[in-house]
Amino acid sequence: MRRLTVRDENFAVAGEFRISRGAKAEAHVVLVTLEEDGLVGRGECVPYARYGESIASVAAQIEAMREALEAGLTPAALQTALPPGAARNAIDCALWDLAAKQAREPVWRLAGLPEPRPVPTCFTLSLAAPEAMAAAAQANPACSILKLKLGGCDGLDVARMEAVAAVRPQARLILDGNEALTADVYAELQRRARAAGAVLIEQPFAVGQDAALLSMTGAAAVCADESLHVSRDLDQISHFFDAVNIKLDKAGGLTESISTVRRAKALGLQVMVGCMLSSSLAMAPAMLLTPYADYVDLDGPLLLREDRAPAIRYEDGVIHPPQTELWG
């Protein structure tokens, strides 16, 4: 019989992580452990207030599944037992990890995915004054793709982009609005994007306002984040965006994320594989999607003061596939 354990954990951030919606000094995660016949599967999720989640609410969702999980719930059955979100993600990843250990096969092979390889990852520059973001970019010279968190209405976003471009002219820039940009700021960023090396603008407007993008073209591709959770969302938003950011916490696990990435590629969309602020245990299952990705944004552990062990290996801006001791 399986045994479920649920606990919350905190990881201190290196400095402060700030986006347009607020700042964090710690990454708050929920860890799910499933033990069966001496084998252990683990999954980590990040409850996100933007989607109405908290540590308490996610832990309660997981606890409500205890009887079914300990009786042998499968990843397929989980998809209808819980809605998309952080709770389902942690359980789904723990189930995959346990299945891999039981089968003595890696998850990528069990799931029919290509074997993951080392890939460059974005490095995120937390929202700050332009000169501070430029200094952070200079302090990470090995990262060839920089994601800039933008402020929206403070009037400094163009200056942020150009300050970073001035000190890192060879880097590709991704500009992340987190729903906070106005039409005027977005248009100005697009007008100057080519000269600054900005290749992608992520979720510039609030969810539900995506149609405005149809009349606002520019040099940088535009990517859905908050507007996309699961594969069924793609039919509604694919004609507004050039790319989509697929995150396991939004989709509710690896199982749904595989369906979403395959559907996105079939629709001709570019794919970013992204993450929340979390540890290497959350990066590991997301790594399995990277063979499909045009952009990889799995830098969560790089923003922490200390990661869990064993940890994902990062080297010269490249993220490596996880050791099986970590996950999968």
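This text follows the structure it describes.
Computed from a prediction, not measured in an experiment: that's the story for all the values here.

Novice: Before we go on, may I ask you to explain the side chain of R308 in this structure?
Specialist: Structurally, the position occupied by R308 is in the loop between β12 (295–296) and β13 (314–315). R308 gets classed as buried once you look at its relative accessible area, which sits at 10%. Within the structure, R308 has its side chain in polar contact with the side chain of E44 (distance 2.8 Å). Within the structure, R308 has its side chain in polar contact with the side chain of S279 (distance 2.8 Å). Setting aside anything within four residues of it in sequence, one finds R308 in contact with E9, F11, V29, R42, E44, S279, L281 and L326.

Novice: Mind showing me how you'd approach the sheet that holds β13 here?
Specialist: Hydrogen bonds along the backbone pair up the strands of a sheet, which may run parallel or antiparallel. Taken together, 3 strands build an open sheet; the order of strands is β4-β14-β13 and the sheet is antiparallel. Looking at which strands have only one partner, the edges of the open sheet turn out to be β4 (119–120) and β13. Strand direction decides the pairing type here: β13 and strand β14 (residues 318–319), joined by 2 bridges, are antiparallel. If you follow Y314 over to β14, its bridge partner there is I319.

Novice: Whenever I open this one, the sheet that holds β12 confuses me. Can you help?
Specialist: Spatially, the 8 strands line up as an open sheet ordered β5-β6-β7-β8-β9-β10-β11-β12, and their pairing is parallel. Among the strands making up the open sheet, the edge pair consists of β5 (123–125) and β12. Of the strand pairs in this sheet, strand β10 (residues 243–246) and strand β11 (residues 270–273) are connected by 4 bridges, and their pairing is parallel. By the bridge assignment, N245 is partnered in β11 with M272. Contacting β5, β6 (145–149), β7 (172–176) and β8 (198–202), helix α7 (residues 157–167) crosses the sheet at an angle of about 155° to β6.

Novice: Would you take a moment to explain the packing of helix α1 (residues 55–64) against helix α4 (residues 86–103) for this structure?
Specialist: When two helices pack together, their arrangement is given by the angle between the helix axes and by the axis-to-axis distance. With their axes 8 Å apart at the nearest point, α1 and α4 run at an angle of 50° to one another. Here α1 is positioned oblique relative to α4, judged by the angle of their axes. You can see that α1 and α4 cross each other, and the crossing is right-handed. In contact with V58, Q61 and I62 of α1, α4 contributes A86, A87 and I91. Within the contact of α1 with α4, the residues separate by chemical class into 5 nonpolar, 1 polar and no charged.

Novice: So what exactly am I meant to see when it comes to the packing of aromatic side chains here?
Specialist: Both the distance between ring centres and the angle between the ring planes are used here to describe each pair of aromatic rings. Scanning all chains against the criterion turns up 2 aromatic pairs. On the basis of an interplanar angle of 65° and a centroid distance of 5.3 Å, the ring pair of Y48 and Y51 is categorised as edge-to-face. Judged by its relative accessible area of 15%, Y48 is buried. When the centroid spacing of 5.2 Å and the interplanar angle of 65° are considered together, the rings of Y186 and F205 count as edge-to-face. One end of the pair, Y186, is in helix α8 (residues 183–196); the other, F205, is in the loop between β8 and β9 (221–224), with 19 residues separating them in the sequence. For F205, a relative accessible area of 5% gives the class buried.

Novice: Could you clarify how one ought to interpret the pairing of β6 in this entry?
Specialist: Remember that side chains alternate between the two faces of the sheet whenever the strand is regular. Counting buried residues in β6 gives 5 out of 5 residues, a clear majority hidden from the surface. Side chains I145, K147 and K149 of β6 all project onto a buried face; the interleaved residues L146 and L148 project onto the opposite face, where all are buried too. Where β5 and β6 come together, 3 bridges link them in parallel fashion. Its bridge partner being in β6, L125 is matched across the sheet by L148. In this fold, β5 hands off to helix α6 (residues 130–138), which returns the chain to β6; that crossover is right-handed. Relative to β7, β6 runs parallel, the two sharing 5 bridges. From the neighbouring strand, L148 faces β7, where its bridge partner is L175.

Novice: For this particular structure, what's the right way to read unusual backbone geometry?
Specialist: A negative phi angle characterises most non-glycine residues, just as the trans form characterises most peptide bonds. Cis geometry is adopted by the peptide bond preceding P310, which originates at A309 and carries an omega value of -5°. One non-glycine residue, E179, lies in the positive phi region at around 75°. By relative accessible area, which is 14% here, E179 ends up buried. Even without glycine at this site, Q203 takes up a positive phi of about 35°. Within the element layout of this structure, Q203 appears in the loop between β8 and β9. Owing to a relative accessible area of 0%, Q203 belongs among the buried residues under this scheme.

Novice: Where do I start with the side chain of D297 in this structure?
Specialist: In this fold, D297 is placed in the loop between β12 and β13. Residue D297 is classed as buried on the basis of its relative accessible area, which comes to 3%. Excluding residues that lie within four positions of it along the chain, D297 makes contacts with T121, C122, T124, K147, M272, V273, G274 and C275.

Novice: Before we go on, may I ask you to explain helix α11 (residues 254–266) in this structure?
Specialist: Given a rise of 1.5 Å per residue, 13 residues ought to cover 18 Å, and the 18 Å separating the end C-alpha atoms of α11 matches this to within 8%. Of the residues making up α11, those classed as buried are L254, E256, S257, I258, T260, V261 and A264. Trailing α11 by a residue or two, G268 shows a phi angle of about 80°, which is positive.

Basis of the calculations
Residues numbered from 1 in each chain as written. Predicted model: local features only at pLDDT ≥ 70, side-chain atom pairs only at ≥ 80, totals over all residues. Heavy atoms only, no water. Helix = DSSP H or I, 4+ residues; strand = E, 2+ residues; numbered from the N terminus. Buried < 20%, exposed > 50% of the residue type's maximum accessible area, 1.4 Å probe, protein only. Polar contact = N/O pair within 3.5 Å; in protein donor to acceptor, adjacent residues only side chain to side chain. Contact = heavy atoms within 4.5 Å. Pairing = 2+ DSSP bridges. Axes fitted to C-alpha atoms, helices over the stretch in contact; angles between N-to-C directions. Parallel < 35°, antiparallel > 145°, perpendicular 65-115°, else oblique. Left-handed = near helix turned anticlockwise from the far one by under 90°. Nonpolar A, V, L, I, M, F, W, Y, C, P; charged D, E, K, R; others polar. Phe/Tyr/Trp six-rings, centres within 6.5 Å; stacked < 30°, edge-to-face > 60°. Right-handed = clockwise from strand over helix to strand, strands pointing away. Expected span 1.5 Å × (residues − 1).

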